[in-house]
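# A closer look at the structure
Residues per chain, in single letters:
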Amino acid sequence: MAMAAPTLLSSAPKLSSLALTSIRGTIFLSQRPLFVHRRFAGWSAAGGVVNSFVDTKYARVGADFNNAWLKEVLVDLQDGSMVAAKKGAEVIMAAVDKPRVIGYKGTTDLVTDTDKLCEQVILAAVKKRFPDHLILGEEGGLTGDPASEFLWCIDPLDGTTNFAHGYPSFGVSVGVLYRGKPIAATVVEFAGGPYCWVTRTFTASAGSGSYCNGEKIHVSATDEVEKSLLVTGFGYEHDEAWATNCVFFKEFTDISRGVRRLGAAAVDMCHVALGIVDAYWEYRLKPWDMAAGVLMVEEAGGKVTCMDGGDFCVFNQSVLVSNGLIHGKLLQRIAPPSKKLVEDGLDFSLWFKPSGYTSDV
C-alpha cells in the first residue's frame, strides 16, 4: 500500500538569497560565502538572542524499557531484527560486485533489483517469526496486521545510490517500533570497496545499550562544535528545506572540523553512536531511514530531537542526533530557520504513519 508524500511548495528560493535573509552573519561576495565567525552562546540564526538550548532536557525517543511485558519479548525482537537484517545483507553481498539492474523512482532516486530482492528476503524472515506484526518497507509499502502494536520499519538498502556506484557507505536497516517508539534495531553496514567488501553489525534495544559486532559502543565526548566532525544529508526534493540545509552545510563547514555527506542516513546515525562523528542532521527522511538509527544513538548515550528542537518521533520529517554535549549548541543555529520553514508554510506534518496504527506519538 503506497503512501503519498505531502504536497511541497512549488519552487525553492535561490541559495544566496536564502542565506542573506535567514542566516545573518553570512555575507555573500559573488558566489563565494564569507562567514562572520561567531561563538554559539545566545546567538540566533535570525540575528537575535534566543534562549539557550544547552541545558534543555530532551525527551526519550525509545520505548519504555521498564515495561515488564516488553522485557519478556525484547530479546526475541532484537534477535529477530538481527536475523532479518543479516539475511538481507547476504543478498547484498552476493550482488555487490556484479552488474546492477537500475530503475528510477524519481529523476535521481534510484532503485535496484537488489533493493527489491533484499526486502523480499527480510519480509519473509519477519513474517515467519512475527506473523501478526505490521511492516512498513521502503519498496513494498505497508503489509501485515494494522491492529498490531508492533511496526517494523525496513530499509532493505539504505544508500542505494552508493551501492549502485560501488561506493561505501550503504547498508541494511531494520527497526522495530512498539506503539510508535523504537524498541529494537539492527543495521548492517557495508564498508571497504569493490572486491574487498566487509560488514559490521550495529544492534540496539531499549534500555540495553548499543553494540557494534558485539562490543558496546558510546557516543563521543566532544563538547565543542569547533572540534566536531559533523554529517548531514540531502534528499531528492529540492525545496526550501533542501536550500536551508545547503546554508547549514556551508556554515558548519566553516566553523567545525568538517561536514561529511555520505548518503546513508541509518549508517550515518550508527557512526554517531560509534563516536567517530559527533552529530548528524537531515530534513525529509522517512520512518525506515530513522527507526533503527535513532535508537542506536540514544542507547549509545546520545540525544535525538527534530531539527526545530521539538520532541522527535519516527514519523517526523527531520532529525538531529548528536553526542548530547553539542546538541543545544547545534540547535541554536539549526532550530530558528527550521521553525521559520513551518511559519512560511512548508508542510512538516507527520507522514508515513500508517492509518489506524496504535501509537503513543
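Before any of the text, the structure's been laid out above.
### Thoughts on the pairing of strand 17 (residues 318-322)
Side-chain direction in a regular strand flips from residue to residue, so the side chains alternate between the two faces of the sheet. Counting buried positions along strand 17 gives 5 out of 5 residues, so the element sits mostly inside the fold. Burial along strand 17 is two-sided: Ser318, Leu320 and Ser322 and Val319 and Val321, pointing in opposite directions, are all buried. Of the strand pairs in this sheet, strand 15 (residues 279-283) and strand 17 are connected by 5 bridges, and their pairing is antiparallel. Pairing of tryptophan 281 across the sheet is with leucine 320, part of strand 17. For strand 16 (residues 303-305) and strand 17, the ladder comprises 3 bridges, and the chain directions are antiparallel. Bridging from a neighbouring strand, valine 304 pairs with valine 321 of strand 17.

### Considering the packing of helix 5 (residues 240-255) against helix 8 (residues 327-343)
The N-to-C vectors of helix 5 and helix 8 enclose an angle of 165°; their axes lie 11 Å apart at closest approach. If you check the angle between helix 5 and helix 8, you find them roughly antiparallel. Read as a crossing pair, helix 5 and helix 8 show a hand that is right-handed. Of helix 8, the residues touching helix 5 (which contributes Glu240, Ala241, Thr244, Phe248, Glu251, Phe252 and Ile255) are Leu330, Arg333, Ile334, Pro337, Ser338 and Leu341. Residue classes in the contact of helix 5 with helix 8 are distributed as 8 nonpolar, 2 polar and 3 charged.

### Topic: the packing of helix 2 (residues 68-95) against helix 3 (residues 113-129)
Between two packed helices, what matters for the description is the angle formed by their axes and the separation of those axes. At their nearest, the axes of helix 2 and helix 3 sit 9 Å apart, and the two run at 155° to each other. The angle between helix 2 and helix 3 falls in the class roughly antiparallel. Where helix 2 crosses over helix 3, the two elements pack in a sense that is right-handed. Residues Asp76, Asp79, Gly80, Val83, Ala84, Lys87, Gly88, Val91, Ile92 and Ala95 of helix 2 touch helix 3, and the partners they reach there are Thr114, Leu117, Cys118, Val121, Ile122, Ala125, Val126 and Arg129. Here the residues of the contact of helix 2 with helix 3 sort into 11 nonpolar, 3 polar and 4 charged.

### A closer look at the environment of lysine 340
Mapped onto the elements, lysine 340 comes out in helix 8. Judged by its relative accessible area of 37%, lysine 340 falls in the partly exposed class. Separated by 32 residues in the primary sequence, lysine 340 and aspartate 308 place their C-alpha atoms 9.1 Å from one another.

### A closer look at the nonpolar core
In this structure, Leu151, Tyr280, Val294, Phe312, Val319 and Val321 are the most contacted members of the largest nonpolar core, which totals 46 residues. At the level of elements, strand 5 (134-137), strand 7 (150-158), strand 9 (181-191), strand 10 (198-205), helix 6 (265-274), helix 7 (287-299) and strand 17 are the ones that each hand at least two residues to this core. In terms of residue count, the dominant contributor to this core is helix 7 (8 residues). Apart from residues lying up to four places away in sequence, phenylalanine 312 is in contact with Val61, Met290, Val294, Val304, Thr305, Cys306, Ser318 and Val319. Counting 34 residues, the second largest nonpolar core, distinct from the first, contains Ala84, Ile154, Tyr178 and Trp197.

### A short note on the sheet that holds strand 17
Within a sheet, each strand pairs with its neighbour through backbone hydrogen bonds, oriented either parallel or antiparallel. Strand order across the open sheet formed by 5 strands is 14-13-15-17-16, with mixed pairing between neighbours. What marks the edges here is a single partner per strand, and that holds for strand 14 (259-260) and strand 16. The pairing of strand 13 (residues 230-232) with strand 15 spans 3 bridges and is parallel. Looking at strand 15, one finds that leucine 230 is bridged to alanine 279. Across the sheet, helix 7 touches strand 16 and strand 17, and the angle it forms with strand 17 is around 25°.

Criteria and cut-off values
- Sequence positions are assigned chain by chain, starting from 1 and proceeding in written order.
- Residue-level local features of this predicted model are given only where pLDDT is at least 70; pairs of side-chain atoms are given and counted only at 80 or more, and the full residue set underlies all totals for whole chains, interfaces and linings.
- Computation of side-chain values covers all heavy atoms of the structure but excludes hydrogens and water.
- The buried label applies to any residue whose accessible area, calculated with a 1.4 Å probe on protein chains only, is under 20% of its type's maximum; exposed applies above 50%, and partly exposed to all values in between.
- Strands are runs of DSSP state E lasting at least 2 residues, helices are runs of H or I lasting at least 4, and numbering of each runs from the N terminus.
- Strands are labelled as partners when DSSP assigns at least two bridges between them.
- Lines fitted to C-alpha atoms define the axes, with helix axes restricted to the stretch in contact, and inter-axis angles between N-to-C directions lie between 0 and 180 degrees.
- Under this scheme an angle from 65 to 115 degrees is roughly perpendicular, one under 35 degrees roughly parallel, and one over 145 degrees roughly antiparallel; angles in between are oblique.
- Put simply, a crossing is left-handed when the front helix is turned counterclockwise from the back one by less than a right angle, and right-handed when it is turned clockwise.
- In what follows, a contact means two residues having at least one pair of non-hydrogen atoms within 4.5 Å.
- Each residue gets one of three labels, nonpolar for Ala, Val, Leu, Ile, Met, Phe, Trp, Tyr, Cys and Pro, charged for Asp, Glu, Lys and Arg, and polar for the others, Gly among them.
- Among the buried residues, those of types Ala, Val, Leu, Ile, Met, Phe, Trp, Tyr and Cys that are joined through side-chain atoms within 4.5 Å form a nonpolar core.

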